[in-house]
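Working through the structure, step by step
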Amino acid sequence: MKIALSLLLAVTLLVPAAAGAKDTKKIGKILDVTGSAEVKKGGEKKFKAVKNMAIAEGDVLITGEGGRVELELDSDKLVYVGPDTKLMVNELVKSAKAMEGKTSLSLQKGSVLIKVKKKLTQDSRFEIKTPTTVMGVMGTEFIVGYAQAQTYVGVLEGRVSVRRAASVEPTAELTVSPGEQLRQAADGTGKVVALNWEDVPLFALEQVYADLTMTGEALPVGLDLLQRTIERRTEEEIRARKERTAAPAPVIRFENEGRASTLDVPPSGNSNNGGSGGGSGQDPAPTYPLVVSVPEFEQDPEYRTDVNIVLKLYGDRITRVMRTDTETDLVEGVDYVVTAGSNADQSRLVIQAAYLQGVEYGIESLGIKLFFASGYDLPMIELHARVPQPPELDMEQIANEPYSLVWDLSTLSIPFATPIEFNSGAGAPDPMESAITLYHIVSYDPDNPRQMDASGLSIEGNRLIIMLDGLLELKSQITFYIQDGLLRNPNTGDLQTLIELSSEVKPHADREQVTYSKSQPGDLVWLVNGLGDAFGPDDDYDTVLTDSIGEERTLFSQQDFSAESDGSQLRFTLRQALLNTLDPGVYVLRIPFDYLDIMDQAEITITVED
């Protein structure tokens, strides 16, 4: 009986333990971070991503344009998160039945490279979702990309099963095997074809190359070909980034009436359809909603108006509009309305001015996600703030010609880098001359600036001409202020902001630094502005050329140089015969002037080369 009771007690203790075993949460961690990256813990508070940071269920990883993150979900699963990517950990569970547990990731934009080192058991589950596609994994190395409503899957090892997301009408499940890829549109169309290195995201190619180099393994295509592909695509990406910086544009824009927008560009940005399963080289006629045009909005909330996003709905209907960064819904009839477009097949999503005016000042872009009655959604329509282009000084010209602001002793000429016109609307100063404040500091009394008045203003091309009520003095300093709102850019309507600038009052040459090459001989010629009066080199003082060690050489008129006066402009010529006698090096040319009974000299730097 004792033995029976002991056995009964053992069974009683074991059964509840087995029956009560439950799945538990797992914790991943970040192994490495490159560039800009952050983690949204629990989908709420953002933190900068750092090495060894714990990653739990519900966390969202976000990388910038050059950011990358290496993430370990457990000892058998590595996720390499590429640039400009948003990845959410939906499920991270240690299973009571399977060592590998259950893992579910959601790729909302961008691309990832995933490595699963061990073949998963039947009780394990590892899947990755995009807004339109679900992929099931059984021990593999593969790449997933999502952009403009298209999902890309490229498999290096193992197999991945691909099916359309449950939120839309299901389609047949496809299997992507090693050396194959699939680009699937939002409607489920797509064909499994041979893996094309041109379609694989660049960061994934670099990781594959690093892994193969470390292990000594080789691919059929060879490491040399892979390396050359990486080098070429790196150069292309750098060039494309420079072009985007020089000319920013909305992410989604209209390309051609009746054809797909950039929503249909593959995740890699490659326009070659050879590897996408299309075969014909022609874009299929879209049957799901797409964007025709996205306008810009003003950075200053005070000036924001309605924004009209033009869409082709193809019979579908918008059921929900969400701001992506805050994941808050806009209220129909209050924050937005949907109206008919200018063409019969178009509709307009109108984001109301009242809503936009409540969006923070200075925001550069605003992401909108649209949901439709069919179950389809457009994950990111990015509205860009219009970049203000107020009239700005042409600082390059001012730097190259520091004295050219003073045309003569009673006129200032201010160059602008943008077109200008006088502002006749709100904020314009009245009278116009009150917008100009001038102070004249003379050389013999520098502590007492004298205020001067403007007698008139005019515009010549991109220059503001200021006529002075009085004469400036040579070797003095003029400082002037142009108040806000005097000028505007006629192309954009943007108003000029406060301008402060100073200039020295003296004759000046059109070039202060010049290079002379003996392989391309010829005279060197300068034009010197005399500020309204005729003048020339002072015969009582020498024109001198000084070398880099301080040795001076006196130059002789007509033999070494000539100076011809034409009104208030002097043409100064340094002879080729003199220049050819100089050794390579840097020289300083000093030309003395006696101008309006004031002695001064011009200094010009000359670099001589063989």
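See the structure printed just above.
Summarised in this report is the structure supplied together with it. Quantities reported herein were computed from a predicted structural model and do not represent experimental measurements.

Looking now at the pairing of strand S2 (residues 28–34). Bridge count between S2 and strand S5 (residues 54–55): 2 bridges; the pairing is antiparallel. Along S5, the bridge assignment pairs Lys 29 with Ala 54. Relative to strand S7 (residues 68–74), S2 runs antiparallel, the two sharing 5 bridges. If you follow Thr 34 over to S7, its bridge partner there is Arg 68.

Spatial ordering of the open sheet is given by S22-S21-S25-S26, a layout of 4 strands whose pairing is antiparallel. The sheet is open, and its two borders are formed by strand S22 (328–329) and strand S26 (377–384), each paired with just one other strand. Relative to S22, strand S21 (residues 318–323) runs antiparallel, the two sharing 2 bridges. Bridged to Met 322 within S22 is Asp 329.

The next point concerns unusual backbone geometry. Of note, the phi angle at Asp 84 is positive, near 50°, even though the residue is not glycine. Within the fold, Asp 84 resides in the loop between strand S8 (77–81) and strand S9 (86–94). Overall, the relative accessible area of 43% leaves Asp 84 in the partly exposed class. Look at Gln 558: it is not a glycine, yet its phi comes out positive at around 75°. Note on placement: Gln 558 falls in the loop between strand S41 (552–555) and strand S42 (561–566).

Another point: the environment of Leu 457. Within the element layout of this structure, Leu 457 appears in strand S32 (residues 454–460). Considering only alpha carbons, one finds Leu 457 and Met 432, 25 residues apart in sequence, at a separation of 7.8 Å. With sequence-adjacent residues up to four places away left out, Leu 457 is seen in contact with Phe 422, Met 432, Glu 433, Ile 436, Ile 465, Ile 466, Met 467 and Leu 486.

Take the side chain of Thr 418 next. Here Thr 418 lies in the loop between strand S28 (411–415) and strand S29 (421–422). For Thr 418, a relative accessible area of 15% gives the class buried. There is a polar contact of 3.4 Å between the side chain of Thr 418 and the backbone nitrogen of Glu 392. Filtering out sequence-adjacent residues up to four positions away, Thr 418 remains in contact with Pro 390, Pro 391, Glu 392, Asn 462 and Asn 489.

What follows deals with the environment of Glu 173. Note that Glu 173 resides in the loop between strand S15 (160–164) and strand S16 (174–176). Spatially, the C-alpha atoms of Glu 173 and Arg 163 are 4.7 Å apart, while their sequence positions differ by 10 residues.

Strand order in the open sheet formed by 4 strands is S31-S30-S34-S36, and the pairing between neighbours is antiparallel. Across the chains shown, the open sheet's two edge strands, defined by having one partner strand only, are strand S31 (450–452) and strand S36 (499–505). If you compare each strand with its neighbour and ignore which way they point, the axes differ by 25° on average. One ladder, built from 6 bridges, connects strand S30 (residues 436–441) with strand S34 (residues 476–482); its direction is antiparallel. Counted as the bridge partner of Tyr 439 is Thr 479 from S34.

Moving on, we come to the pattern of salt bridges. Any two side chains of opposite charge can pair if their charged atoms end up close together. Using the criterion set out here, one finds 17 salt bridges in the structure. With a closest N to O distance of 1.9 Å, Lys 115 and Asp 211 form a salt bridge. Residue Lys 115 is located in strand S10 (residues 102–116), and its partner Asp 211 is located in helix H2 (residues 202–215); the two are separated by 96 residues in the primary sequence. For the residue pair Lys 115 and Asp 211, the accessibility class agrees, reading buried in each case. Notably, a salt bridge pairs Lys 129 with Glu 127, separated by 3.6 Å at the nearest N-O pair. Look at Lys 129 and you get partly exposed, because its relative accessible area is 30%. Residue class for Glu 127 comes out buried when judged on its relative accessible area of 13%. One continuous salt-bridge network, built from bridges that share partners, spans Glu 198, Arg 232 and Glu 236.

We now examine the pairing of strand S25 (residues 365–372). For S25, the tally of buried residues reaches 7 of 8 residues, placing the bulk of the element in the interior. Looking at chain direction, S21 and S25 are connected through 5 bridges and run antiparallel. Bridge assignment links Arg 320 to a residue of S25, and that residue is Phe 371. Sheet topology places S25 next to S26; 6 bridges connect them, and they run antiparallel. Residue pairing across strands places Leu 370 opposite Leu 378, the latter belonging to S26.

The rules behind each value
- Residues numbered from 1 in each chain as written.
- Predicted model: local features only at pLDDT ≥ 70, side-chain atom pairs only at ≥ 80, totals over all residues.
- Heavy atoms only, no water.
- Pairing = 2+ DSSP bridges.
- Helix = DSSP H or I, 4+ residues; strand = E, 2+ residues; numbered from the N terminus.
- Buried < 20%, exposed > 50% of the residue type's maximum accessible area, 1.4 Å probe, protein only.
- Contact = heavy atoms within 4.5 Å.
- Polar contact = N/O pair within 3.5 Å; in protein donor to acceptor, adjacent residues only side chain to side chain.
- Axes fitted to C-alpha atoms, helices over the stretch in contact; angles between N-to-C directions.
- Salt bridge = Lys/Arg side-chain N within 4 Å of Asp/Glu carboxyl O.

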